[in-house]
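Below, each chain spelled out in residue letters.
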Amino acid sequence: MVCCFLNMKEAGNGVRGSLSGALACDVDKNNYHVHFSLHAHLGRQKELMMLLRTLTGTEGVSYVAVYMERPFVVFTFLRQVLLTKMEIPEVLLSSGQKMPLLGMGTATFPLPPPHQVTSILVDAIEVGYRHFDSAAVYASEEPLGRAVTEAIERGLIKSRSELFITSKLWCTDNHPDLVLPALKNTLQKLGMEYVDLYLVHWPVRLRKEVPIFEFSGEDVIPWDMKGTWAAMEECCRLGLARSIGVSNFSSKKLSQLLQHATIPPAVNQVEMNPAWHQVKLRGFCKEKGIHVTAWSPLGANGAFWGSLSVVDNPILKEISTAKGKSLAQVALRWLHQQGVSIVVKSFNKERMKENLKIFDWELTDNELAKIKQILQHRGCPGQSFVHHDGPYKSLEELWDDDA
């Protein structure tokens, strides 16, 4: 016998009824918690087949028929079936690809040892994350690739196609002739044939020979936006990137890019949270069909450039107390209600689970109005890219009128 605990947030009455009939279980209808014992003996095989046919069709029936004598494998499969009943919502990008609206970030400095990162990301897959945000500069591509392989081996997912993988072109590779080689290097590290989304990390080009974390404003050189984007489009045409986009682009720079883009950017990933609303930029992106993804949704507390502007905000604390939600959940829910997707990072498994629980409740109009009153402040200004002799002589030139 395998004793298990599941959370079925969105399982309907029919599914819960099927579970009750096929498995020994006790359903808490208020919280949709299911406690059950799965008996993997032939006497219950018929009931299990009926359950799997209800939930997954003939594929699930065949799967359990093969593994009936291995109860843990059966449970793992059932667990994933039930997790699909509370899938993270998706957005349809202009590229035609669907992207989960909540993703797991992998940027942290310093990065833990690679084997620890792999274990953390396997945990994230296990609790339900299907979108993972990486970048060449994060040094997280290899651990992420290994995590995907391990998740498949453990039966947490069936194939890489169940995941949405994002990576980014770093500034030292932001040269037209280096874009394709950089993506191929990313794919080699991931152990994958394609990424779902490839982003230009910043509208910045650094000298090729500059070490990643040892650059200064003097190393920033004029950027060939048209040439770089043409190379990004080629990556897309070759099938190495299903969608392409940008990160940290202002409205003005997006407008310039669109003037010569054959394939428009599907996504603009930018800093956004209750302390940095990005109202103007979001309006522009909506008009142009560019989806906005929010990074630093909690203010990046703990990062060298982060702040307590979100996690220590009295308005958010008041709302979280009143709603019985964590402050992080309130901040993430606010972002969701703004129509953007979110990349959130936590390497703590319980907080990973908590951050997923934002889709079955809402902030009221009054609560949204309170959040509008929060003092606005950009957390990551990009000061390192500014130099009096460089292409960006001020932060205003870097961010244009979105500064």
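Please refer to the structure higher up on the page.
These lines cover the structure that appears in this document, whether it is placed above or below. (Residues numbered from 1 in each chain as written. Predicted model: local features only at pLDDT ≥ 70, side-chain atom pairs only at ≥ 80, totals over all residues. Heavy atoms only, no water.)

1. Quick notes on the nonpolar core
Among the nonpolar cores identified, the biggest contains 77 residues, and Tyr-129 and Phe-132 are the most heavily contacted of them. Here Phe-132 is in contact with Met-104, Leu-121, Ala-124, Ile-125, Leu-144, Leu-163, Phe-164, Ile-165 and Thr-166, once residues within four sequence places are set aside. Ala-135, Trp-170, Val-220 and Phe-385 belong to the second-largest nonpolar core, a separate cluster that totals 17 residues. (Core = buried A, V, L, I, M, F, W, Y, C linked by side-chain atoms within 4.5 Å. Buried < 20%, exposed > 50% of the residue type's maximum accessible area, 1.4 Å probe, protein only. Contact = heavy atoms within 4.5 Å.)

2. A word on helix 13 (residues 349-356)
Three or more residues of helix 13 are buried, namely Met-352, Asn-355 and Leu-356. Buried residues of helix 13 fall within an arc of 105 degrees about the axis and therefore sit on the same side. Buried-residue contacts for helix 13 involve strand 6 (102-105), helix 5 (114-127), helix 12 (327-337) and strand 15 (341-344). Here helix 13 starts with a cap whose side-chain oxygen sits 3.0 Å from the backbone nitrogen of Glu-350, and that cap is Asn-348. (Helix = DSSP H or I, 4+ residues; strand = E, 2+ residues; numbered from the N terminus. Arc of directions from axis to C-beta. Polar contact = N/O pair within 3.5 Å; in protein donor to acceptor, adjacent residues only side chain to side chain.)

3. Here we look at the sheet that holds strand 15
The pairing of strands in a sheet happens through backbone hydrogen bonds and is either parallel or antiparallel. One closed barrel holds the 8 strands; their spatial order is 6-7-8-9-12-13-14-15, and the pairing between them is parallel. The average undirected angle you get between the axes of adjacent strands in this sheet is 30 degrees. Note that strand 13 (residues 267-271) and strand 14 (residues 291-295) share 5 bridges and pair parallel. Each bridged residue has a counterpart across the sheet, and for Val-267 the counterpart in strand 14 is His-291. (Pairing = 2+ DSSP bridges. Axes fitted to C-alpha atoms, helices over the stretch in contact; angles between N-to-C directions.)

4. Quick notes on the packing of aromatic side chains
Under the criterion given, the structure shown has 6 aromatic pairs. Connected via pairs of aromatic rings, a cluster forms that spans Trp-170, Trp-202, Phe-215, Phe-385 and Trp-399. Between Arg-242 and the ring centre of Tyr-194, over which it is positioned, the NZ or CZ distance is 3.7 Å. When the ring centre of Phe-347 is taken as reference, the NZ or CZ atom of Lys-345 above it lies at 5.1 Å. (Phe/Tyr/Trp six-rings, centres within 6.5 Å; stacked < 30°, edge-to-face > 60°. Lys NZ or Arg CZ within 6 Å of the ring centre and 35° of its normal.)

5. A word on the pairing of strand 9 (residues 195-200)
The buried fraction of strand 9 amounts to 6 of the 6 residues, a majority that puts the element mostly inside the structure. Relative to strand 9, strand 8 (residues 164-169) runs parallel, the two sharing 4 bridges. What sits directly across from Ser-167, in strand 9, is Tyr-198. Running through helix 7 (residues 179-190), the crossover from strand 8 to the neighbouring parallel element strand 9 is right-handed. (Right-handed = clockwise from strand over helix to strand, strands pointing away.)

6. Examining the pattern of salt bridges
Summed over all chains, the structure comprises 16 salt bridges. Ionic pairing is found between Asp-133 and Lys-168, a salt bridge with its closest N-O pair at 2.6 Å. Of this pair, Asp-133 sits in strand 7 (residues 131-133) while Lys-168 sits in strand 8, and the two are 35 residues apart along the sequence. Both residues of the pair, Asp-133 and Lys-168, belong to the buried class. Between Glu-233 and Arg-237 there is a salt bridge, with its nearest N and O atoms 3.8 Å apart. (Salt bridge = Lys/Arg side-chain N within 4 Å of Asp/Glu carboxyl O.)

7. Details of the side chain of His-131
By secondary structure assignment, the location of His-131 is in strand 7. In this structure the side chain of His-131 is engaged in a polar contact, spanning 3.3 Å, whose partner is the backbone oxygen of Pro-100. Contact partners of His-131, with chain neighbours within four places excluded, come to Met-99, Pro-100, Leu-102, Gly-103, Met-104, Phe-164 and Thr-166.

8. What about unusual backbone geometry?
Each neighbour pair has its own omega, and for Phe-109 with Pro-110 the value is 0 degrees, a cis peptide bond. Take Pro-110: it is sitting in the loop between strand 6 and helix 5. The backbone phi angle of Ala-139 is positive, close to 60 degrees, even though this residue is not glycine. Its location among the elements puts Ala-139 in the loop between strand 7 and helix 6 (141-153). Looking at Ala-139, the relative accessible area reads 52%, which means it is exposed. Of note in the backbone geometry, Ser-296 takes a positive phi value of approximately 55 degrees without being a glycine. Here Ser-296 shows up in the loop between strand 14 and helix 11 (314-323).

9. Considering a nonpolar patch on the surface
A cluster of nonpolar side chains, namely Phe-109, Ile-212 and Phe-213, defines an oily patch on the protein surface of about 300 Å² accessible area. Considering the arrangement of structural elements, one finds Ile-212 in the loop between strand 10 (205-206) and strand 11 (220-221). Assessed through its relative accessible area of 33%, Ile-212 is described here as partly exposed. (Patch = residues over 30% accessible without salt bridge, like charges linked within 9 Å, V, L, I, M, F, W, Y side chains within 5 Å. Areas by Shrake-Rupley, 256 points an atom, 1.4 Å probe, with all protein chains shown as cover.)

10. What about helix 7?
Because an α-helix packs 3.6 residues into every turn, residues spaced three or four apart end up facing the same way. When the terminal C-alpha atoms of helix 7 are compared, their 17 Å separation across 12 residues agrees well with the 16 Å that a helix rising 1.5 Å per residue should span. Among the residues of helix 7, Val-179, Ala-182, Leu-183, Thr-186, Leu-187 and Leu-190 are the ones counted as buried. Seen from one end, helix 7 has its buried residues packed into an arc of 140 degrees, which puts them on one side. In the core, the buried residues of helix 7 are packed alongside helix 6, strand 8, strand 9, helix 8 (225-237) and strand 12 (241-247). (Expected span 1.5 Å × (residues − 1).)

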